[in-house]
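One-letter residues, chain by chain:
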Amino acid sequence: MSVHPTQTLSLSQYLIEEQLKLPQATGDFTALMSHLVYAAKIVSREVRKAGLLEDILGSNETVNVQGETQMKLDEYADKVFNHTLTRCGHLCILGSEEHEETVPVPSGYKIGKYTIAIDPLDGSSNIDANVSIGTIFSVHLRKSPGGTPGTLGDLLQQGSKQRAAGYVLYGSSTMLVLCTGKGVSGFTLDPSCGEFILSHPDMQMPETGGIYSINEGNYNYWSDEVKNYIRDIKSIEGGKKPQSGRYIGSLVADFHRNLLKGGIFLYPNDTKSTKYPNGKLRLLYEAAPMAFIAEQAGGMAVTVYGERILDLTPEELHQRTTLVVGSKKEVEHFLKFAPKKP
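Reading the values: rules and limits
As a convention, each chain's residues are numbered from 1 in the sequence order in which they are written. Given that this is a predicted model, residues contribute local features only at a pLDDT of at least 70 and side-chain atom pairs are listed and counted only at 80 or more, while totals for whole chains, interfaces and linings are drawn from all residues. The side-chain values count all of the structure's non-hydrogen atoms but skip hydrogen atoms and water molecules. Think of a 1 Å grid over the protein atoms and nothing else: a 1.4 Å probe that fits but is trapped marks a cavity, an open set flanked by protein within 12 Å on at least five of seven lines marks a pocket, and residues with an atom within 4 Å of a point count as lining. Grid points are joined across faces, edges and corners, and a volume is the space filled by probe spheres set on the points. In this description a helix means any DSSP run of H or I spanning at least four residues, a strand means any run of E spanning at least two, and both kinds are numbered starting from the N terminus. Residues were grouped as follows: Ala, Val, Leu, Ile, Met, Phe, Trp, Tyr, Cys and Pro as nonpolar; Asp, Glu, Lys and Arg as charged; and all remaining residues, including Gly, as polar. Salt bridges, as used here, are contacts in which a Lys or Arg side-chain nitrogen is within 4 Å of a carboxyl oxygen on Asp or Glu. At least two DSSP bridges between two strands are required for those strands to pair. Should any heavy atoms of two residues lie within 4.5 Å, those residues are counted as being in contact. Each axis is a line fitted through C-alpha atoms, taken for helices only over the stretch in contact, and angles between the N-to-C directions span 0 to 180 degrees. Exposure classes here rest on a 1.4 Å probe applied to the protein chains alone. A residue is buried below 20% of its type maximum, exposed above 50%, and partly exposed in between.

Engineer: Even after reading the chapter, I still don't get the layout of surface pockets, so can you show me in this structure?
Structural biologist: Leftover empty space is mapped by rolling, across the atoms, a probe with the size of a water molecule. Volume-wise, the second largest pocket comes out at about 400 Å³. Around the second largest pocket sit 18 residues that line it, and Leu22, Ala25, Phe29, Tyr114 and Arg163 are the ones nearest its centre. Sorting the residues of the lining of the second largest pocket by element identifies helix H1 (11-20) and helix H2 (28-48) as the ones contributing at least two each. When residues in the lining of the second largest pocket are grouped by element, the largest group, 4 residues, is from H1. Residue classes in the lining of the second largest pocket are distributed as 7 nonpolar, 6 polar and 5 charged.

Engineer: For this particular structure, what's the right way to read the pattern of salt bridges?
Structural biologist: Inspection of the entire model under this criterion finds 14 salt bridges. Two residues, Asp28 and Lys113, come together in a salt bridge whose shortest N-O distance is 3.8 Å. Of the two residues, Asp28 sits in helix H2 while Lys113 sits in the loop between strand S4 (103-104) and strand S5 (114-122), which places them 85 residues apart along the sequence. Among the ionic pairs, Glu46 bridges to Arg45, the shortest N-O distance being 3.0 Å.

Engineer: Please explain the sheet that holds strand S17 (residues 323-326) as it appears in this structure.
Structural biologist: The strands that make up a sheet are held in pairs by hydrogen bonds between backbone atoms, and each pair lies either parallel or antiparallel. In space, the 5 strands of this open sheet follow the order S12-S11-S13-S17-S15, with mixed pairing throughout. The sheet is open, and its two borders are formed by strand S12 (244-245) and strand S15 (300-302), each paired with just one other strand. In this structure, S15 lies alongside S17, joined through 3 bridges in antiparallel fashion. Across the sheet, residue Met300 finds its bridge partner in S17, namely Gly326. Seen against the sheet, helix H6 (residues 251-261) touches strand S11 (211-213), strand S13 (264-267) and S17 and runs at an angle of roughly 165° to S11.

Engineer: How should I be thinking about helix H7 (residues 283-296) in this particular structure?
Structural biologist: Since the α-helix turns once every 3.6 residues, residues separated by three or four places project in the same direction. Most of H7 is tucked away, with 12 of its 14 residues classed as buried. Remark: Gly298 follows H7 within two positions and exhibits a positive phi of approximately 95°.

Engineer: How do you make sense of empty space enclosed by the protein when you look at a structure like this?
Structural biologist: Summed over all chains, the structure comprises 2 cavities of 30 Å³ or more. Surrounding the largest cavity, Ile214, Asn215, Asn218, Trp222, Leu266, Tyr267, Pro268 and Asp270 form its lining. Considered class by class, the residues forming the lining of the largest cavity number 5 nonpolar, 2 polar and 1 charged. Counted as a void, the second largest cavity has a volume near 30 Å³. Lining the second largest cavity we find Gln157, Gln158, Gly159, Leu283, Leu284, Ala288, Ile309, Leu312 and Pro314.

Okay, here's the thing in structure tokens:
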């Protein structure tokens, strides 16, 4: 899937070429993405130096709006993305995992036509252990009149209406995976020139896979149907080969591995406690963008009850959902076990 070195295409070149294919394009989306990419490069730089900077590693001993311990790099990434995106002139409103309310465009800055919902640093509890983490983002066209401040309603749109979705993986290399509704492309950051270079054109998720990703520490909280499914894919009855369990605890990293190699990722709801009765992952800036990418790459994404993620309309900024996403045939196999919605 690699591109020949003499045919290297940077992300900025790629976006401009895609823009030129659309007669009605204004360049606003391309400009918005260039600001998002700049912020991602800044965060990537800090992640690379995390073990050297005392003020980046560790937690703030505070919790965010989600009730989760806020890591120092969480806060740093949030500030970088918020500052860059809300002042770029192409955004009307921003929703972030780290803020209870929406983040408006500051006074004195141009208001644009796009919205972004973002998880600035997914899997941040892994930072101190030098495990892959990421940024997830979702872009919609606003619904309210242009030129006015964006509203919560501009953010609360179905995943199927996304203008674009993507994630940045800060791993052994920094990679940006982008979907604008016409397939999925992967770009790897070349530190020597500071550019994201097209490295994985037309990414396709294998139809089947031998990997499942789920936090089995929560086994006793799951429904009987989910337990039955996990027992089935681990079974060796009749000479079956059990699937391999791989769980990193960073949605970006777990999803990215399955995108390349095939597999299934599951985060069901708690049925034996009140902690996550509707699931843990957030619909707007975790489940919906990953579902958009998965479907464009030939995969599937549903709730634990079998509802298509992209058909769901969020009712609040931090709405949680269950998520089953991955290779098409693996998700279809899960649906044979899926519980009925209460």
